[in-house]
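Structural characterization, general
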Amino acid sequence: MTTEQKTLITATVPILKENGVLLTKYFYNRMFTHHPELKNMFNMGNQQSGRQQTALAMAVLAYAEHIADPSVLLPVVDRIGQKHVSLDVRPEHYIIVGKQLIASIQEVLGDAATSDIVDAWTAAYNQLAGLMAEHETNLYAQQTNKTNGWTGWRPFKVGKKTVESAEITSFYLYPADGGKVTPHQPGQFISIRLFLPQLNLKQARQYSVSSTPGHEYYRISVKREKGINMDTDGMISNHLHDFINENDVIDLTAPAGNFVLAPDMDAPVTLISGGVGLTPLMSMLHSLTENEYAHPITWLHGCRDESVHAFKNQLNEIVQTKSNVKQHIFYNQVTEENKEAGVFEGYLDINKIPSLNLQPNAHYFICGPSVFIQKQYHDLVGAGVNKERIYFEEFGPQLLSLN
């Protein structure tokens, strides 16, 4: 890009701040009109809720604000790239998106979209697409270079289906060809793809791997969703509960994601989960304890009540057998028996745990709803925890920017 083009991109930042979501909504509508086949690739639930449009608007704005040095966005590029690889996004998709995005800019801005601005955004998009495609090519190469690695969609058979709570059921997924799988990093997710008759579309959804790394299978633990106005995510989760049984075959992609345990961790670890957000942390906890992690491990979990508390017995057993593991549980609705067992009443609040030792440079992993993540993050920072040591996973499009 030329200096003049970068200046023009920077000049559009105020427009993006005010009209970014309007632009991205128009873009998606235009793209799906011209390429309806892409509805099978994009999460239509996120389209319906507006989360995807908002996430894209935020990404485009961040790119425009840092057009002089896009390298500062590499952590974001990696996070998005991990999702793209999990969904089998390929370079040819960037060509389609670019064509539709530039056309949308022209049509939304109208006369304000001068040829110089259009040329500048075309150059900017091509630069970003090149950066993303190159990074994702490297991620695909890493996938195939792993032991038993692969890329793209691969058929898996449901080997076992186990009820974990009143809402959460686990699915043990084995390669349909009888082969092995590449071990995931604790905290990573896989994508599954199902045909939804309600939409007459294939839809993909990411689920955290809740089992420890191994070569035989992946386990996902899925929450049943309730409500009259069910979005696509809920449809997929409920389809798994209601229609997918042992020996059924579904498509998977290889594990991806960068919400993982660092290989060089040498400090206490605190795992903080809300509801079904405990799934990636279960994999982390099992991995730490099986590898005899030498530092204290603290598990904090909050959910509605005991009936929806998945893996409760497993967690109790770990606490009883591992002297370096402690847990603190919060239920919105507690019984007298819960209180006698030390369960806290209400939403998870670190400030209500007198014995909690929050060391500034320990490691803190948070997973749960967005509001939950924000509260835990700000409470940890308020307690003196180093921001660099707080890691979080937000299900769905990344909307939080806390660090």
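Going by the structure above, here's the rest.
Nothing here was measured: the structure is a model prediction, and the numbers come from that model. (Residues numbered from 1 in each chain as written. Predicted model: local features only at pLDDT ≥ 70, side-chain atom pairs only at ≥ 80, totals over all residues. Heavy atoms only, no water.)

1. Some remarks on the packing of helix α9 (residues 278–290) against helix α10 (residues 312–321)
One can describe the packing of α9 onto α10 by two numbers: an axis separation of 12 Å at closest approach and a directional angle of 25°. One element, α9, and the other, α10, form an angle in the roughly parallel class. Both α9 and α10 take part in a crossing whose hand is left-handed. For the pair formed by α9 and α10, the contact residues are M282, L285, H286 and T289 on the first element and Q314, L315 and I318 on the second. A breakdown of the residues in the contact of α9 with α10 according to their chemical character gives 4 nonpolar, 3 polar and no charged. (Axes fitted to C-alpha atoms, helices over the stretch in contact; angles between N-to-C directions. Helix = DSSP H or I, 4+ residues; strand = E, 2+ residues; numbered from the N terminus. Parallel < 35°, antiparallel > 145°, perpendicular 65-115°, else oblique. Left-handed = near helix turned anticlockwise from the far one by under 90°. Contact = heavy atoms within 4.5 Å. Nonpolar A, V, L, I, M, F, W, Y, C, P; charged D, E, K, R; others polar.)

2. Quick notes on the pairing of strand β5 (residues 218–223)
Across the 6 residues that make up β5, a large majority, 5, are buried. Summarising the sheet, strand β2 (residues 168–175) and β5 pair through 6 bridges and their orientation is antiparallel. The residue bridging L173 from the neighbouring strand is Y218, located in β5. (Buried < 20%, exposed > 50% of the residue type's maximum accessible area, 1.4 Å probe, protein only. Pairing = 2+ DSSP bridges.)

3. With respect to the sheet that holds strand β9 (residues 325–331)
The strand order across the open sheet formed by 6 strands is β10-β9-β8-β7-β11-β12, and the pairing between neighbours is parallel. Every other strand in the sheet has two partners, leaving β10 (344–345) and β12 (390–393) as the edge strands with one partner each. In this sheet, β10 lies alongside β9 in parallel orientation, the contact comprising 2 bridges. Directly across from Y331, in β10, lies its bridge partner E345.

4. Some remarks on the layout of surface pockets
The computed volume of the second largest pocket comes to approximately 290 Å³. Surrounding the second largest pocket, 13 residues form its lining, N316, Q327, I329, A341 and V343 being those nearest its centre. Broken down by secondary-structure element, the contributors of at least two residues to the lining of the second largest pocket are α10, β9 and α11 (336–340). No other element matches the 4 residues that β9 contributes to the lining of the second largest pocket. Residue composition of the lining of the second largest pocket, grouped by class: 4 nonpolar, 6 polar and 3 charged. (1 Å grid on protein atoms, 1.4 Å probe; cavity = no way out; pocket = protein on both sides within 12 Å on 5 of 7 lines; lining within 4 Å. Points joined across faces, edges and corners; volume = space filled by probe spheres on them.)

5. Some words on helix α5 (residues 74–86)
Given a rise of 1.5 Å per residue, 13 residues ought to cover 18 Å, and the 18 Å separating the end C-alpha atoms of α5 matches this to within 8%. Listed as buried for α5 are V77, D78, G81, Q82, V85 and S86. Relative to the axis of α5, the buried residues are bounded by an arc of 160° and lie together on one face. Looking at the residues trailing α5, positive phi occurs at D88, about 60°. (Expected span 1.5 Å × (residues − 1). Arc of directions from axis to C-beta.)

6. Focus on the packing of aromatic side chains
In this structure the tally under the stated criterion is 11 aromatic pairs. For the ring pair F259 and F365, a centre distance of 5.9 Å and an interplane angle of 70° mean the geometry is edge-to-face. With F259 in the loop between β6 (249–252) and β7 (269–274) and F365 in strand β11 (residues 363–367), this residue pair connects regions lying 106 residues apart in the sequence. A single burial state applies to F259 and to F365, both of which are buried. (Phe/Tyr/Trp six-rings, centres within 6.5 Å; stacked < 30°, edge-to-face > 60°.)

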